[in-house]
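# Structural description and commentary
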Amino acid sequence: MNPEGRTAVVTGGASGIGRALAQALASAGASVVVADRDDVGARGVASGIGGLAVACDVSRELEVAALIDRAEEAFGPVALFCANAGTATGDGLGTAGEWETALGVNILQHVAAARLLVPRWLARGEGWFLATASAAGLLSQIGSAPYSATKHAAVAFAEWLSITYGDRGIGVSCLCPMGVDTPLLRDAPPLGAAVVRAAGDVLSPEQVADAALQGLRDGRFLILPHPEVAAFAEQRAADHERWLAGMRRLQATAVGR
């Protein structure tokens, strides 16, 4: 995926990784649509990069459809959809409302965008889907069941897209960072945030965006701004029981037991 001269949509683009992605894509020559529930923030980012801001609640399929229509009216066919908006709502088992929010934002957003774009991409013979998941989607997340489960689902859905359409002109990448200095981490439940900060370096959004663009240019499915995540995933696959025991020890240390 070379973004130059292409139309790119970035959800959750008003701050954090989304803002950095929008800025990096614009610098690479893309026409960028910045989507976010924070309309003021989205307009601020878009005005700085010559893009288009669209207020959008990505948990609502009709709003995702309107977003894609606005993007194509403004800049032409969407070549790259960055399903970046995410939520870390929920602690422990979570409430029914927290599960609904996490499902809507962290996975059903991806499904809605793909349902709308895949037929168009198949007709054109090209298109690229970038899912911002998390290292939690490859490993797990101590503290929040809704976040962990929905990020696993985001990775699984991206894998399914790649398996199903990867030989038909549609590219798929899955961005899985650990700690990133964003509002999502700063506002996360204390236990999960503490574990993330202890697990490795907390990167800047710009570092993650740079890794994402390089991964897109290289055509990689799995983009790991924290390289150690690959080693953790290998350990998990090699001995699941040992890995689970280690995660329980990490949890006990985090809560001071």
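Everything here concerns the structure above.
A few points on the structure. (Residues numbered from 1 in each chain as written. Predicted model: local features only at pLDDT ≥ 70, side-chain atom pairs only at ≥ 80, totals over all residues. Heavy atoms only, no water.)

### Details of the packing of helix H3 (residues 61-75) against helix H4 (residues 96-124)
H4 packs onto H3 with a crossing angle of 35° between their chain directions and a minimal axis gap of 8 Å. Of the residues in H4, those touching H3 at Glu61, Val64, Ala65, Ile68, Asp69 and Glu72 are Ala112, Ala113, Arg115, Leu116, Leu117, Arg120 and Arg124. The class makeup of the residues in the contact of H3 with H4 is seven nonpolar, no polar and six charged. (Axes fitted to C-alpha atoms, helices over the stretch in contact; angles between N-to-C directions. Helix = DSSP H or I, 4+ residues; strand = E, 2+ residues; numbered from the N terminus. Contact = heavy atoms within 4.5 Å. Nonpolar A, V, L, I, M, F, W, Y, C, P; charged D, E, K, R; others polar.)

### What about the packing of helix H1 (residues 16-27) against helix H9 (residues 205-218)?
The geometry of H1 relative to H9 is characterised by a closest axis approach of 8 Å and an angle of 50° between their N-to-C directions. Considered as vectors, H1 and H9 are oriented oblique to each other. Viewed along their axes, H1 and H9 form a crossing whose handedness is right-handed. Contacts between H1 and H9 involve Gly16, Ile17, Ala20, Leu21, Ala24 and Leu25 on the former and, on the latter, Pro205, Glu206, Val208, Ala209, Ala212 and Leu213. (Parallel < 35°, antiparallel > 145°, perpendicular 65-115°, else oblique. Left-handed = near helix turned anticlockwise from the far one by under 90°.)

### With respect to the pairing of strand E5 (residues 127-132)
With six of six residues buried, E5 is to be regarded as a mostly interior element. Direction of pairing for strand E4 (residues 78-83) relative to E5: parallel, over a ladder of four bridges. By the bridge assignment, Leu80 is partnered in E5 with Trp128. Read as a crossover between parallel neighbours, the route from E4 over H4 to E5 is right-handed. Pairing between E5 and strand E6 (residues 170-175): six bridges, direction parallel. Its bridge partner being in E6, Gly127 is matched across the sheet by Ile170. (Buried < 20%, exposed > 50% of the residue type's maximum accessible area, 1.4 Å probe, protein only. Pairing = 2+ DSSP bridges. Right-handed = clockwise from strand over helix to strand, strands pointing away.)

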